[in-house]
Amino acid sequence: MAEAVMEGLLEYAELATDVMKDCVKKAGNTVKKETQAGAPVRTGKYKRSWAVKRQRETSSTLEVVVHSRNRYQLTHLLEKGHAKRGGGRVKAVPHIASAEEKGVRELEEGIKRGLSK
């Protein structure tokens, strides 16, 4: 009896891990697409610089990072706004925080949907 229960628990753990990893990948891609969609466009280089990178992956976990490959210096300045040299301020263009919130919601909903099957 205990052997059958243990086998069922191991199968569920494997299913949960697969669902979680799949949802993390999808959420990372959603955050990237949403950030690119909301990013300001002057030359387009900043908008195209966003990428998803696997930070760490083990048998039971997956960590991804959404980042700007070569324009990372601009992210805070564009998200929060900044002072100009001659005085005044540049208006903020919030595009990262909203994308992150949407990714978190998608991740939570995807895991709930995947585990409720």
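Rules used in this analysis
- Residues numbered from 1 in each chain as written.
- Predicted model: local features only at pLDDT ≥ 70, side-chain atom pairs only at ≥ 80, totals over all residues.
- Heavy atoms only, no water.
- 1 Å grid on protein atoms, 1.4 Å probe; cavity = no way out; pocket = protein on both sides within 12 Å on 5 of 7 lines; lining within 4 Å.
- Points joined across faces, edges and corners; volume = space filled by probe spheres on them.
- Helix = DSSP H or I, 4+ residues; strand = E, 2+ residues; numbered from the N terminus.
- Nonpolar A, V, L, I, M, F, W, Y, C, P; charged D, E, K, R; others polar.
- Salt bridge = Lys/Arg side-chain N within 4 Å of Asp/Glu carboxyl O.
- Buried < 20%, exposed > 50% of the residue type's maximum accessible area, 1.4 Å probe, protein only.
- Pairing = 2+ DSSP bridges.
- Expected span 1.5 Å × (residues − 1).
- Arc of directions from axis to C-beta.
- Contact = heavy atoms within 4.5 Å.

### Side note on the layout of surface pockets
Then comes step 1: By volume, the largest pocket amounts to about 350 Å³.
Then comes step 2: Around the largest pocket sit 16 residues that line it, and Arg-42, Thr-43, Tyr-46, Leu-74 and Leu-78 are the ones nearest its centre.
Then comes step 3: Listing elements by their share of the lining of the largest pocket, those giving two or more residues are α2 (45–48) and α3 (74–80).
Then comes step 4: Here the lining of the largest pocket is built from residues that sort into eight nonpolar, three polar and five charged.
Then comes step 5: Considering only enclosed or pocket space, the second largest pocket measures out at about 290 Å³ in volume.
Then comes step 6: Along the walls of the second largest pocket sit 14 residues, with Gly-28, Val-31, Val-64, Val-66 and Glu-100 positioned nearest its centre.
Then comes step 7: For the lining of the second largest pocket, the secondary structure elements donating two or more residues are α1 (2–38), β2 (62–68) and α4 (96–116).
Then comes step 8: Of the residues that constitute the lining of the second largest pocket, the class distribution is ten nonpolar, three polar and one charged.

### Details of the pattern of salt bridges
Then comes step 1: Per the stated rule, a full pass over the model turns up five salt bridges.
Then comes step 2: With its nearest N and O atoms 3.4 Å apart, the salt bridge here joins Lys-26 to Asp-22. Taken together, the positions of Lys-26 and Asp-22, both in helix α1 and four residues apart, correspond to about one turn of that helix.
Then comes step 3: Given a relative accessible area of 36%, Asp-22 falls into the partly exposed group.
Then comes step 4: One salt bridge connects Lys-102 with Glu-34, and the closest N-O pair in it is separated by 3.1 Å. Remark: Glu-34 occurs in helix α1 and Lys-102 occurs in helix α4; sequence separation between them is 68 residues.
Then comes step 5: Within the structure, one salt-bridge network assembled from shared partners comprises Lys-21, Arg-54 and Glu-57.

### Quick word on the pairing of strand β1 (residues 50–57)
Successive residues of a regular strand alternate their side chains across the two faces of the sheet.
Then comes step 1: As paired strands, β1 and β2 are joined by seven bridges and run antiparallel to one another. Looking across to β2, one finds that Trp-50 is bridged to Ser-68.
Then comes step 2: Linking two consecutive strands that pair antiparallel, namely β1 and β2, is a turn of four residues.

### Observations regarding α4
Then comes step 1: Its 21 residues give α4 an end-to-end C-alpha distance of 30 Å, which sits within 8% of 30 Å, the value for a rise of 1.5 Å per residue.
Then comes step 2: Taken together, the buried positions of α4 are occupied by Ala-99, Gly-103, Gly-110 and Gly-114. On an axial view of α4, the arc spanned by its buried residues comes to 40°, and they lie on one face. Exposed and facing more than 90 degrees away from the buried side of α4 are Lys-112 and Ser-116.
Then comes step 3: Packing partners of the buried residues in α4 comprise α1.

Any functional reading would require information beyond the geometric quantities listed.
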